[in-house]
Amino acid sequence: MTDYRTLLVDERDDRVVVTLHRPDKRNAIDAEMVDELHAVCDKLTREPKLLLLTGGTDGIFAAGVDIAQLRDRDRYDALAGINHGIMQHIRSLPMPSVAAVDGPALGGGAELCYACDVRICTDRSFFGQPEVRLGIVAGAGALYRLPQLVGESLAKELLYTGRRLTAADALAVRLVSQVVPADELLATAHALLDRMAKVSPLALRLTKLAVDAPADAHPQIEQLAQAVLFEDDEKRRRMTAFLDRS
Ligand code: COA
């Protein structure tokens, strides 16, 4: 598609591949990119598909929110939650998202990949929250997502110091589920999405809805999800196919 300026968007039957594309600014997330990501998410909400979010394989995922714009934002911009809004939009998509990271994922760039359901990266990737060094907080999700992802002590150390995690560190603390060479990144991400594309689409959607539900919504949310799925023709078809296999 040609009508995006900061993204390359490749829409396929079962997935949309979004490549961040501000190479001159190391894919820094500016207001235009936020608007364009919202437009993609609006479409993915209307027509649910899997999402592959990447910075490509030229050694940069995203260098964070555009600092030139951040410097000029005021308290009312902060209260509008511009960057948090797009992270939340991605996280609440109906179908799963996979972030494929090659190179730095810093600040808002790291938060962008935390907003995805699954993260994989290359061996030259690194992750960090340098916001406090710039005199701000990590306002687009890291303050609560990072402790969930890597535990309180490490998350606070990273948030308080801006220390970066290498790809090996990120794998060791399960911030990412796989580390692969750069030339295998996109194929690995697509293979993951291929597996998701083979399962029951409604079971996948309801699993995503339930797994992200607040702790006090369990177990009722899975009971409701299961009640819906037990009446779904797809479940009967899939179970019958298993039982009838020769
Ligand atoms: N916002 C705005 N512009 C950015 C940017 C950001 N977050 N990150 C990089 N850029 C711009 C640089 O200003 C430079 O622009 P110029 O060529 O017009 O001078 C260009 O992108 C290249 O950046 P450079 O630092 O030379 O690239 P590098 O490959 O040497 O380093 C990074 C890449 C990502 C390690 C480095 O750019 C960096 O540390 N960026 C800032 C990370 C950060 O603090 N993010 C938190 C924001 S909340």
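Further up the page is the structure itself.
Just so we're clear, the structure is a prediction, and the values are computed from it rather than from any experiment.

Quick notes on the rules
Residues numbered from 1 in each chain as written. Predicted model: local features only at pLDDT ≥ 70, side-chain atom pairs only at ≥ 80, totals over all residues. Heavy atoms only, no water. Helix = DSSP H or I, 4+ residues; strand = E, 2+ residues; numbered from the N terminus. Expected span 1.5 Å × (residues − 1). Buried < 20%, exposed > 50% of the residue type's maximum accessible area, 1.4 Å probe, protein only. Contact = heavy atoms within 4.5 Å. Polar contact = N/O pair within 3.5 Å; in protein donor to acceptor, adjacent residues only side chain to side chain. Near = heavy atom within 4 Å. Areas by Shrake-Rupley, 256 points an atom, 1.4 Å probe, with all protein chains shown as cover. Nonpolar A, V, L, I, M, F, W, Y, C, P; charged D, E, K, R; others polar. Core = buried A, V, L, I, M, F, W, Y, C linked by side-chain atoms within 4.5 Å. Pairing = 2+ DSSP bridges. Right-handed = clockwise from strand over helix to strand, strands pointing away.

### Some details on helix 10 (residues 185-198)
- Compared with an ideal rise of 1.5 Å per residue, which puts 14 residues at 20 Å, helix 10 spans 20 Å between its outermost C-alpha atoms and is within 8% of the ideal.
- Buried residues of helix 10: Leu185, Thr188, Ala189, His190, Leu192, Leu193 and Met196, and no others.
- Buried-residue contacts for helix 10 involve strand 2 (15-20), strand 3 (50-54), strand 4 (97-101), strand 6 (118-122), strand 9 (178-180) and helix 11 (201-211).

### As for the side chain of Asp102
- Looking at the element boundaries, Asp102 is found in the loop between strand 4 and strand 5 (104-106).
- Among the polar contacts listed, one links the side chain of Asp102 to the side chain of Arg124, at a separation of 2.8 Å.
- For Asp102, the residues in contact, after removing those within four places along its chain, are Gly56, Thr57, Asp58, Gly59, Ile60, Phe61, Thr122, Arg124, Ser125, Ala182 and Leu185.

### Some details on the site of the ligand
- Surrounding the ligand, one finds Asp24, Lys25, Arg26, Ala28, Ala63, Val65, Asp66, Ile67, Leu70, Leu106, Pro130 and Leu134.
- Take Arg26: an N or O atom from its side chain is 2.9 Å from an oxygen atom of the ligand.
- At 2.8 Å, a backbone N or O of Ile67 approaches a nitrogen atom of the ligand.
- Here the ligand loses 59% of its free accessible area of 870 Å² to cover by the protein chains.
- Here the residues of the shell around the ligand are counted per class, giving 8 nonpolar, no polar and 4 charged.

### What to know about the nonpolar core
- In terms of nonpolar packing, the biggest core is built from 46 residues, with Leu53 and Phe127 touching the most fellow members.
- With 6 residues, the single largest contributor to this core is helix 1 (residues 31-46).
- Setting aside its immediate chain neighbours within four residues, Leu53 contacts Val18, Leu20, Leu37, Phe61, Ile90, Val98, Ala99, Ala100, Leu112 and Cys116.
- Formed by 14 residues, the second largest nonpolar core is a distinct cluster that contains Leu52, Ile120, Leu185 and Leu192.

### What about the pairing of strand 3?
- Taking burial as the measure, the 5 residues of strand 3 include 5 buried ones, the bulk of the element.
- Because side chains alternate across strand 3, one face comprises the buried residues Leu50, Leu52 and Thr54, and the other comprises Leu51 and Leu53, equally buried.
- Direction of pairing for strand 2 relative to strand 3: parallel, over a ladder of 5 bridges. The residue bridging Thr19 from the neighbouring strand is Thr54, located in strand 3.
- Taken together, strand 2, helix 1 and strand 3 form a β-α-β motif whose crossover is right-handed.
- Sheet topology note: the strand 3/strand 4 ladder contains 4 bridges and is parallel. What sits directly across from Leu52, in strand 4, is Val98.

Structural measurements only, silent on function.
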